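Topology and contacts: notes
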Amino acid sequence: MESFITEILPPFQAPSRDARLVLFTDEAIRRDRAEVARQLHQYTQYTAKYGVYLISGLLELDGNLCLCMFGPKGEPVLRQPALHLSLPLRTAGLAAASEIELARTELGSFYLCVDTDILHPQTVRTAALKGADVVFSVQHIDPVTETSGRIMESVWNAAQTNNLYVVNLSGGARTVCCPAPVTRAGDGYLVRHTGNSPCRFGLNLERLDQVREGFPVMERMNASLIQNYAEELGLGR
């Protein structure tokens, strides 16, 4: 696996010519059926036009809160529903899913971490055990129950304990964490909680693999935690 450029952009802004993967700075939840259908169509048009992978904003699809990924020819690659839901979303009638899937592409293997799932360490651990290289996490922050400090801690911890990249969009800020030896400063931050837009960075999966050789994730696995949540997360399916 090689390095590739990722950009976090305002919705539907054209990417740089060398960008391979794009996220939009849109943390609102799209719930209206017609609006969701329109968004999905626009996503496919965008990826086909620019030849990039794209990770959607938060969408309500078939009663689930989801993130979706589209390929460079406009094709759907993955839809990942949330495994955990905040109380407002549960009372609004949304249902939690029970299985983690990965998008396996020529760039690497990706896990789409939906909203508050990043606060549950077993989700990223399961994704790592299934072979994830990068976690893309997007949260819709409720100002009444704002938990940005806890989210940032969870993002950093997820990257360090699972030996992968975590790209996080939360409360208008972008943070990219990875195992500390991957970063020049040795602090585990590739992008530290910035509001800059566009936000551009490279994901070096070759260097990530080198670090992983010295710190195998299986040796750091919390076996009891995984066993407790194996059925809920669909581990082994």
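Residues numbered from 1 in each chain as written. Predicted model: local features only at pLDDT ≥ 70, side-chain atom pairs only at ≥ 80, totals over all residues. Heavy atoms only, no water.

1. Section: the overall build of the protein chain
Heads up, the rule is: Secondary structure elements follow DSSP: runs of H or I no shorter than four residues count as helices, runs of E no shorter than two count as strands, and numbering proceeds from the N terminus. Accessible area is worked out with a 1.4 Å probe on protein chains only. A residue is then buried under 20% of its type maximum, exposed over 50%, and partly exposed in between. Note on definitions: a residue-residue contact is assigned when non-hydrogen atoms from the two residues lie within 4.5 Å. For the accessible areas, the method is Shrake-Rupley and the probe is 1.4 Å, while residue cover comes only from the protein chains on display.
When helices and strands are tallied, the protein chain shows six helices and 14 strands. For the protein chain, the residues scored as buried account for 51% of the 237 residues in total. Within the protein chain, counting contacts between residues at least 6 apart in sequence, those at least 24 apart form 60% of the total. Working note: accessible area of the protein chain is about 10700 Å², and carbon and sulfur atoms make up 49% of it.

2. Remarks on the nonpolar core
Note the cut-off: As used here, the term nonpolar core means buried Ala, Val, Leu, Ile, Met, Phe, Trp, Tyr and Cys residues forming a set that is joined through side-chain atoms within 4.5 Å.
Ranked by internal contacts, the top residues of the largest apolar core, which has 37 residues, are Leu21, Leu65, Met69, Phe110, Phe136, Tyr165 and Val167. In this view, phenylalanine 110 contacts Phe4, Leu21, Met69, Leu78, Glu101, Leu102, Ala103, Thr105, Val134 and Phe136; residues no more than four positions away in its chain are not counted.

3. Comments concerning helix α5 (residues 205-214)
For clarity, the cut-off: Within this analysis, the arc is defined by the directions that extend from the helix axis to the C-beta atoms.
Residues Leu205, Leu208, Val211 and Arg212 constitute the buried set of α5. For α5, the buried positions fall inside an angular range of 110° around the axis, keeping them on one side. Exposed residues pointing more than 90 degrees away from the buried face of α5 are listed as Glu213 and Gly214. If you follow the buried residues of α5, they end up packed against β1 (3-9), β10 (134-139), β11 (165-170) and β14 (199-204).

4. Some details on helix α1 (residues 33-50)
Quick reminder of the rule: Helix span, as expected, comes to 1.5 Å for every residue beyond the first.
Its 18 residues place the ends of α1 26 Å apart at the C-alpha level, agreeing with the 26 Å of an ideal helix rising 1.5 Å per residue. Of all the positions in α1, only Val36, Gln39, Tyr43, Tyr46 and Thr47 are classed as buried. One side of α1 carries all its buried residues, which in axial view fall inside an arc of 90°. Of the residues in α1, the exposed ones pointing more than 90 degrees away from the buried face are Arg33 and Lys49. Contacts made by the buried residues of α1 are with β1, β2 (19-24), β3 (29-30), β4 (53-55), β5 (58-61) and β6 (64-70).

5. Points about the environment of leucine 190
For leucine 190, the location among the structural elements is in strand β13 (residues 189-194). Expressed as a C-alpha distance, the spacing of leucine 190 and cysteine 178, which sit twelve residues apart in the sequence, is 6.9 Å. Discounting chain neighbours no more than four positions away, the residues touching leucine 190 are Tyr165, Val176, Thr183, Phe201, Gly202 and Leu203.

6. Describing the packing of aromatic side chains
Where we set the bar: Pairing of aromatic rings covers Phe, Tyr and Trp, the last through its six-membered ring, and needs centres within 6.5 Å; plane angles under 30 degrees mean stacked, over 60 mean edge-to-face, and all others mean tilted. In this analysis the charged atom, NZ for Lys or CZ for Arg, is taken to sit over a ring once it is within 6 Å of the ring centre and within 35 degrees of the ring normal.
One pass over the structure, following the stated rule, counts nine aromatic pairs. Summarising the aromatic geometry, the rings of phenylalanine 24 and tyrosine 43 are spaced 6.3 Å apart at their centres and angled 35° between planes, so their arrangement reads as tilted. Of this pair, phenylalanine 24 sits in strand β2 while tyrosine 43 is found in helix α1, placing the two residues 19 residues apart along the sequence. Exposure remark for phenylalanine 24: the relative accessible area of 5% places this residue in the buried category. Note on phenylalanine 110 and phenylalanine 136: the rings are 5.5 Å apart at their centroids and 75° apart in plane angle, and the pair reads as edge-to-face. Within this pair, whereas phenylalanine 110 is found in strand β9 (residues 109-114), its partner phenylalanine 136 is found in strand β10, the two being separated by 26 residues in sequence. As far as burial versus exposure is concerned, phenylalanine 110 and phenylalanine 136 are alike and both buried. Within the aromatic cluster, the residues linked to one another by ring pairs are Phe12, Phe24, Tyr43, Tyr46, Tyr50 and Phe70. Sitting over the face of the ring of tyrosine 189, arginine 192 holds its NZ or CZ atom 4.0 Å from the ring centroid.

7. Thoughts on the pairing of β10
Keep this limit in mind: Only when DSSP finds a minimum of two bridges between them are two strands counted as paired. If the strands point away from the viewer and the path from the first strand over the helix to the second runs clockwise, then the crossover is right-handed.
When you tally the buried positions in β10, you get six out of six residues, the bulk of the element. Both faces of β10 are covered, namely the face carrying Val134, Phe136 and Val138 and the face carrying Val135, Ser137 and Gln139. Of the strand pairs in this sheet, β9 and β10 are connected by five bridges, and their pairing is parallel. The residue bridging tyrosine 111 from the neighbouring strand is valine 135, located in β10. In this fold, the crossover linking β9 to β10 by way of helix α3 (residues 121-129) has right-handed handedness. Here β10 runs beside β11; their pairing, made up of six bridges, is parallel. Paired with valine 138 across the bridge in β11 is leucine 169.

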